[in-house]
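# Examination of the molecular architecture
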Protein chains: 2
Amino acid sequence: MNLLASALVTDLYQLTMLNAYYAHGMRDTAVFELFVRKLPRERNFMVAAGLEQALEFLEHLRFAPEELEWIKGSGKFPGGFAEHLAQLRFTGEVHALPEGTIFFPNEPVLRVTAPLPEAQLVETRLINLVHFETLVATKAARSVLAAQGKLLVDFGLRRAHGAEAGLLAARASYIAGYSGTATVAAGIRMEIPVFGTMAHSFVEAHDDEAAAFERFAESAPQNALLLIDTYDTEAAARKVVALAPRLASRGIPLKGVRLDSGDLAALSRSVRRILDDGGLADATIFASGNIDEYRVHDLVAGGAPIDGFGVGTSLVTSSDAPYLDAVYKLQEYAGKARRKRSTGKATWPGRKQVFRHTDRAGRFEYDAVTVEGDEHGGEPLLVPVMRKGKRLGAPESLAAIRERAAGQLANLPERLRALEPAASPYRVEIAPALRKLADQVDHAGEEVPALLR
Amino acid sequence: MNLLASALVTDLYQLTMLNAYYAHGMRDTAVFELFVRKLPRERNFMVAAGLEQALEFLEHLRFAPEELEWIKGSGKFPGGFAEHLAQLRFTGEVHALPEGTIFFPNEPVLRVTAPLPEAQLVETRLINLVHFETLVATKAARSVLAAQGKLLVDFGLRRAHGAEAGLLAARASYIAGYSGTATVAAGIRMEIPVFGTMAHSFVEAHDDEAAAFERFAESAPQNALLLIDTYDTEAAARKVVALAPRLASRGIPLKGVRLDSGDLAALSRSVRRILDDGGLADATIFASGNIDEYRVHDLVAGGAPIDGFGVGTSLVTSSDAPYLDAVYKLQEYAGKARRKRSTGKATWPGRKQVFRHTDRAGRFEYDAVTVEGDEHGGEPLLVPVMRKGKRLGAPESLAAIRERAAGQLANLPERLRALEPAASPYRVEIAPALRKLADQVDHAGEEVPALLR
């Protein structure tokens, strides 16, 4: 059983409901939409990510023999249920925002149209994938905006919530504009550029810090970026200056140094001076250690001579807002629009489309959410990506997705680009046609009229 | 390539350092310890978890052929490096706190003693596994304390950071005292009890709420727990009362209802009254929706008639403190104690042991951290679990780990059991022998004396 592709990465209630659907012949077409109900206070926008993994999951969805055995032996289901599951494949349609698209609350990021059991079963894993990558891409975009073009690298794997989280965080941050990751698995599986320097343990394993630097540079002649804060940062910077000529004479260029603790603003300045005075004006300074977008902003805005940042825990856990209010809701079944009206959790019914309105320069002005088929100006954002369980095209390249994200960030209204909560949120209009449908659903009881299509 | 067991779930710098270690013949014995530097403000203690997954990883550590090919083709390493990696296995020793042990900052939760390259390579994944399970077990223990014996179930998979996070969160919360999880994969892979009810989509897919209830009960006769907040909670409770006699006549017992939104304190009371007045005094009330340990505490302490809670996002993301300051540091190499002294990140050197002092009733009084071999009263907490790369015994059962955690929670000083930050933290003494060793390491330069053993 491959956990990451398993149909049992789901909640038990999905199986319980499937059993009831099969028992009662409820296999009509269902439409579910995945969206975020509201933004965390710390976020002004979101960046869509995770679609590729969601499609991969749907395309290969099936129950493995040992999974079917477990279901039969669990005592939770009647005979015959496992046989239904053995046949189950995803045969539906998917519409989605292309990855890298900026979006806002109440805008579907993904829509599934499929026979009810198929569309129901996949809820848990679809949210699990799209929620997490969107969470990290959104967090990453903030440091990208703060860094003003300086190098950013994902250093977060060790504190990511498991291996898959580390891998997907590398992908999501790369989409948002990071230059790469330290996570090797992301290099081999996703062709994301991989970066790395050295750790304190390397220095500590030597009796002499300068000897450690020399050995590291010898072994990594293309990548001689030396970690200088193990004992005394400025003293170590002087050791680097003393070492550089000997390395140069052997054809090893000193790439730079890394700071990982202390007052990075002050240390970067004093180290810069030591390097410059020692003739190492080309050596770069890379900073890491408890970095987040706020520190990136302060250091960059304050003019600290830092050339790049390793961002770890805060990025991969989205530590100031570690989840989004992402849900996947039934909006139509058997041709009738549906909605839940639970207190504080009511949803807009029906199949929806999002239209984005921009000014002449392409800058976002506002979005409108309406029912599919409603004539409306602006650019429709949801596009078909899967039909009859098959993708409509090859997976998008990460390069194309990165380019989309960069373009969208460039067109974001200025007030939303700040790290602080915007005084006024981005405007997302609910169009009259959608309001009318909601009203019809609420008041027509069992006689909801046919949808606008 | 199985991501979850892959040797490339690591940072690139581990490989860069390994290459240098091999190039310079640095294969002496290294001792690394995994510990947490300080507690988040929102935590008074931690519960150790993740050792089982860490040992599984170490026992099966090897580079897959396609991983070695990637390394050869990456252009980042000289010829011969991949051949070293092809031979690499974990041949070392591990000492650890048994899972379920309560522990505190600066206390090693795991110690690795192995040839330097092996001990270095595994840093990233060991932190990744132990950090996350410990994070969730710690968070879960807080709701266990708040729930005062009421049923708790993990509902978090959809907002967990990936599939592995969902699976490991189910395990970690079960260790801490949860009764089970909604995550089916945790049932099949770890034999954790799996719970589930129904979703709003099930109700919405029917034109009539009462019909949905009846169909669900028919299809899940042992598990007729009905979700009643899709439209109007109290009205739905009355529908349940009306339905119950018909179900009873067909031998289907009504198990209870689930509330998922609104004012749970008020609704649980009004629903309880409706159920009781309708002759359904045995029907239970289960609550979910934005639940965390604070809400569990308020509802339980306030006497709300709720029999159990589904806890999701807040649990699996540890949302108020989504990471711990967990690190893995070189403490000894080639027989010499080591430490880093980076600003704010200095570590205690050498191989250590933790001794716990308790009163006559077994309640924790304080811990002492000292060098291994130092004679000290109290109970030593770190035990050997792996030698020469092989476990010293079969994996502990989850039942045994749960029992240990429950016993430890019962013996926690009262001030640490509260949800609020304790006025005074638990006392962790650094013993004189350890202070002396740190002093020797700092002042002896290259002539650190032999360790106390």
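Residues numbered from 1 in each chain as written. Chains lettered and ligands numbered in written order. Predicted model: local features only at pLDDT ≥ 70, side-chain atom pairs only at ≥ 80, totals over all residues.

## Thoughts on the overall build of chain A
When helices and strands are tallied, chain A shows 17 helices and 19 strands. On the principal axes, the C-alpha backbone points of chain A span a range of 85 × 55 × 40 Å. (Helix = DSSP H or I, 4+ residues; strand = E, 2+ residues; numbered from the N terminus.)

## As for the domain arrangement of chain A
In many reports, interface size means the accessible area that the parts give up when they come together. All names here are of chain A. The domain architecture assigned to chain A consists of domain 1 (3-136 + 326-349 + 381-426) and domain 2 (159-316). Inter-centroid distance (C-alpha atoms) of domain 1 to domain 2 is 38 Å. Domain 1 puts 15 residues into the contact, and the matching count from domain 2 is 16 residues. Mapped by element, the contributors of at least two residues to the side of domain 1 that touches domain 2 are helix H6 (123-147) and helix H15 (398-410). Of the residues forming the side of domain 1 that touches domain 2, the biggest block, 5 residues, is contributed by H15. Here the residues of the side of domain 1 that touches domain 2 are counted per class, giving 10 nonpolar, 2 polar and 3 charged. (Domains from an automatic or database assignment. Contact = placed C-beta atoms within 7 Å. Nonpolar A, V, L, I, M, F, W, Y, C, P; charged D, E, K, R; others polar.)

## Details of the sheet that holds strand E8 (residues 225-227) of chain A
Residue and element names in this part refer to chain A. Spatially, the 6 strands line up as an open sheet ordered E7-E6-E11-E10-E9-E8, and their pairing is parallel. Of all the strands in the sheet, just strand E7 (180-181) and E8 have a single pairing partner and so form its edges. By the bridge criterion, 4 bridges tie strand E9 (residues 256-259) to strand E10 (residues 284-287) in an arrangement that is parallel. Bridge pairing in E10 links Leu 259 to Ala 287. (Pairing = 2+ DSSP bridges.)

## Digging into helix H7 (residues 163-176) of chain A
Residues and elements named next belong to chain A. Helix length check: H7 (14 residues) gives 20 Å between terminal C-alpha atoms against 20 Å at 1.5 Å per residue, within 8%. The element H7 is extensively covered by neighbouring structure, given that 14 of its 14 residues are classed as buried. At the exit of H7 stands Gly 177, carrying a positive phi of roughly 125°. (Expected span 1.5 Å × (residues − 1). Buried ≥ 20, exposed ≤ 12 C-beta atoms within 10 Å, placed from the backbone.)

## Brief notes about the confidence of the model for chain A
All names here are of chain A. Mean pLDDT over chain A: 95, with 98% of residues reaching 70 or higher. Long-range and interchain partners of residues 446-453, a stretch whose pLDDT sits below 50, account for 20 contacts in this model, where long-range means more than four residues apart. Across the whole predicted complex the pTM is 0.97, and at the interface the ipTM reaches 0.96. (pLDDT = per-residue confidence, 0-100.)

## Some thoughts on the interface of chain B and chain A
The partner chain A presents 83 residues to the 82 residues of chain B that form the contact. In terms of residue count, helix H1 (residues 12-23) of chain B provides more of the side of chain B that touches chain A than any other element does, 8 residues in total.

## Considerations on the sheet that holds strand E19 (residues 428-430) of chain A
Residues and elements named next belong to chain A. Strand order in this open sheet of 4 strands is E16-E14-E15-E19, and the pairing throughout is mixed. If you trace the sheet from one side to the other, it starts and ends with strand E16 (379-380) and E19, each paired once. Across 3 bridges, strand E15 (residues 364-371) lies against E19 in parallel orientation. Bridge pairing links Ala 368 to Glu 429 in E19. Of the strands in this sheet, strand E14 (352-358), E15 and E19 are in contact with helix H17 (residues 432-443), which crosses E15 at around 35°. (Axes fitted to C-alpha atoms, helices over the stretch in contact; angles between N-to-C directions.)

## Details of the pairing of strand E14 (residues 352-358) of chain B
All names here are of chain B. Two elements, E14 and strand E15 (residues 364-371), share 7 bridges in a ladder whose sense is antiparallel. Looking at the pairing, Lys 352 lines up with Val 371 of E15. Linking E14 back to E15 in an antiparallel pair, the connection comprises 5 residues, with Gly 362 at a positive phi of about 95°. Pairing of E14 with strand E16 (residues 379-380), which is carried by 2 bridges, proceeds in the antiparallel orientation. Counterpart to Arg 356 in the pairing with E16 is Glu 379.

## Some points on the relation of the copies chain B and chain A
For these two chains of identical sequence, chain B goes onto chain A by a turn of 180° and a shift of 0.0 Å along the axis, with RMSD 0.0 Å. Expressed as an axis order, the relation between the two copies is that of a two-fold axis. In this assembly, 100% of the residues forming the interface of chain B have copies in chain A that are likewise at the interface, indicating an isologous arrangement. (Least-squares fit on C-alpha atoms with pLDDT ≥ 70 in both.)

## Observations concerning the environment of Gly 289 of chain A
All names here are of chain A. Structurally, Gly 289 can be placed in the loop between E10 and helix H13 (293-301). Owing to 20 C-beta atoms within 10 Å, Gly 289 belongs among the buried residues under this scheme. Taking C-alpha positions, Gly 289 is 16 Å from Asp 232, a pair spaced 57 residues apart along the chain. Filtering out sequence-adjacent residues up to four positions away, Gly 289 remains in contact with Asp 260 and Ser 261.

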